[in-house]
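A structural walkthrough
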Amino acid sequence: MSRGQNFRVIGYFCLLLAVTVLAIISCSPNLLAEDSAGSKVFPADAVFNVRSYGAQGNGQTDDTAAIQKAIQENVGKLRILFFPQGTYLVSDTLTWRDADGHWQCWLSLQGENAETTVLRLKDATFTDPNRPRPVLMTANQNPFDAEGGGNQAFGNSICDLTVDVGAANPGAIGIDYLANNKGTMENVIVRSSDPERAGRTGVAMCRPWPGPCFLKNVRVEGFDYGIDAAYSQISITLEHIVLNHQRVCGLRNADNCLAIRDLRSDNKVPAVISRSADSNHDGPAGLTVLVDSKLLGGAPDAVAVENSAHLFIRNVATGGYGAAIRDRGQNIASVASGEYASQLIRGKFGGPALSLNLPVVETPTYWDNDLSHWKSVGQPDGIDDTARIQAALDSGASTVYFPPGRYHIADTLRIRGRVRHLIG
């Protein structure tokens, strides 16, 4: 089997996997497009508050050094860095580096509320569009990669905050995101406040190797590219994504495997470009699966989805564009059957070459801001924490949380009674 055939087999498998994942994945019905996910509060011993490191969040003080110090002291330690509501002004990239300057992972940034917790780049700071720089940059735990890339970027999450690249920053990237296996960007807004919506990229995932990871309830306003993904490894799942007023493309995928549900784009330019950037084999790499989406506001001389790789579309509405899809140079005005595949869908038993069209049911979410309903399992004792954890689970609390640490378990833990939520 040639390398090109290998890629095609992998592509078919990824298509099946992506459609299956989109049919069962948990997601919130509370979309940032219509409403924020609300405020979240935490017990003091569950998080590390960025204010305790000197960050002011008043929109006037430069908080770069204080936030970077907080990251340095907590990255690599499975911790949550909490940002109370406020505007945190920064003037340089905030990087996932420890106190020795080494790249690390295992850090979550948690805002109080996506609408009111803002990291804002100073105006006229990242001015060179040929050398774009991010406001936030997560990383792999290999300290020797010059750009923080790799496939061990575990536990990198960003939740419930806004990244604003300000004005006169055409070289700004909102978030340069890398996560593997466990990592999410959830309830996040990335925006350009420039009158011309200038900025390079809202969310960039172009270092080796992004995924598996999950983006949920993410809104990007402005920039040349709203979301930009690359590399043929590993995969990225996205749900409830809003892309508005991009200048070149809403979402661009070069070789990665993207499974996307509920993408809402309001753009004159193409909403999605899926292409193969790797020319070292005899077939296209990359797969984009797009379902249950609306791509509106298009210009008559543009297409909603432009593809030169592998593409599957189902239940996608387009508006304003000259064509719904351009697949390898061929314009497709609309999708009569409700779905489109760039290559034939094969089945063992005959019948139409269509997907199963499985329904996607939203998973309910739960958050309780009444901390009297929370119960800590306590600090680990280094010997056996089983009984204390079980006691917390049986305490009548709805939310049981684990302060940072390594817990030793000697028996089965039973989640029962009133417990609705476990938080590490």
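Structure's up top.
Computed from a prediction, not measured in an experiment: that's the story for all the values here.

What to know about the overall build of the chain
Helix and strand content of the chain: 3 helices and 27 strands. Taking all contacts inside the chain whose residues are at least 6 apart in sequence as the whole, residues at least 24 apart take part in 67%. If you sum the accessible surface of the chain, you get close to 18300 Å²; carbon and sulfur atoms cover 51% of it.

Describing the sheet that holds strand E25 (residues 374–376)
Reading across the sheet, the 3 strands line up as E25-E26-E27 and stay open at both edges, with parallel pairing between neighbours. Unpaired on one side and paired on the other, E25 and strand E27 (421–423) mark the two borders of the sheet. Adjacent strand axes in the sheet meet at a mean angle of 20°, parallel and antiparallel pairs treated alike.

With respect to unusual backbone geometry
The linkage connecting Pro208 with the following residue, Trp209, adopts the cis geometry, with an omega of -5°. Along the chain, Trp209 falls in the loop between strand E12 (201–205) and strand E13 (213–221). Note that the residue after Gln233, namely Ile234, is joined by a cis bond; omega there is 15°. For Ile234, the location among the structural elements is in the loop between strand E14 (225–230) and strand E15 (236–244). At Asp255, a position not held by glycine, the phi torsion is positive, near 90°. Looking at the secondary structure, you find Asp255 in the loop between strand E16 (249–254) and strand E17 (257–266). According to the relative accessible area criterion, Asp255 is buried, its value standing at 9%.

A word on a nonpolar patch on the surface
A grouping of Trp209, Tyr231 and Ile234 is seen on the molecular surface, where their side chains present a nonpolar patch of about 250 Å² in accessible area. Given the relative accessible area of 31%, Trp209 is considered partly exposed.

Digging into the nonpolar core
Note that soluble globular proteins tend to have their nonpolar side chains buried in a common cluster. Ile67, Tyr177 and Leu215 are the most contacted members of the largest nonpolar core, which has 67 residues in total. Residue contacts for Leu215: discarding those within four places in its chain leaves Tyr177, Met185, Val203, Met205, Ile236, Thr237, Leu238, Glu239 and Ile241.

So, the environment of Arg191
By the secondary structure assignment, Arg191 is in strand E11 (residues 184–191). With a relative accessible area of 23%, Arg191 lands in the partly exposed category. Considering only alpha carbons, one finds Arg191 and Asn244, 53 residues apart in sequence, at a separation of 9.5 Å. Setting aside anything within four residues of it in sequence, one finds Arg191 in contact with Val118, Thr162, Val163, Asp164, Val165, Glu221 and Phe223. Only 2.9 Å separates the side chain of Arg191 from the side chain of Asp164, close enough to count as a polar contact.

Re the pattern of salt bridges
Under the criterion given, the structure shown has 20 salt bridges. The partner of Glu239 in a salt bridge is Arg261, with the nearest N and O atoms 2.8 Å apart. Taken together, the positions of Glu239 in strand E15 and Arg261 in strand E17 put the pair 22 residues apart, joining distant regions of the chain. Like Arg261, Glu239 is buried. Three or more residues are tied together by salt bridges with common partners; here these are Glu239, Arg261, Asp292 and Glu362.

Regarding the sheet that holds strand E20 (residues 303–307)
With respect to topology, 10 strands assemble into an open sheet ordered E5-E8-E10-E12-E14-E16-E18-E20-E22-E23, the strand pairing being mixed. A strand with exactly one partner marks an edge of an open sheet, and here the two such strands are strand E5 (94–95) and strand E23 (330–332).

The rules behind each value
- Residues numbered from 1 in each chain as written.
- Predicted model: local features only at pLDDT ≥ 70, side-chain atom pairs only at ≥ 80, totals over all residues.
- Heavy atoms only, no water.
- Helix = DSSP H or I, 4+ residues; strand = E, 2+ residues; numbered from the N terminus.
- Contact = heavy atoms within 4.5 Å.
- Areas by Shrake-Rupley, 256 points an atom, 1.4 Å probe, with all protein chains shown as cover.
- Pairing = 2+ DSSP bridges.
- Axes fitted to C-alpha atoms, helices over the stretch in contact; angles between N-to-C directions.
- Buried < 20%, exposed > 50% of the residue type's maximum accessible area, 1.4 Å probe, protein only.
- Patch = residues over 30% accessible without salt bridge, like charges linked within 9 Å, V, L, I, M, F, W, Y side chains within 5 Å.
- Salt bridge = Lys/Arg side-chain N within 4 Å of Asp/Glu carboxyl O.
- Core = buried A, V, L, I, M, F, W, Y, C linked by side-chain atoms within 4.5 Å.
- Polar contact = N/O pair within 3.5 Å; in protein donor to acceptor, adjacent residues only side chain to side chain.

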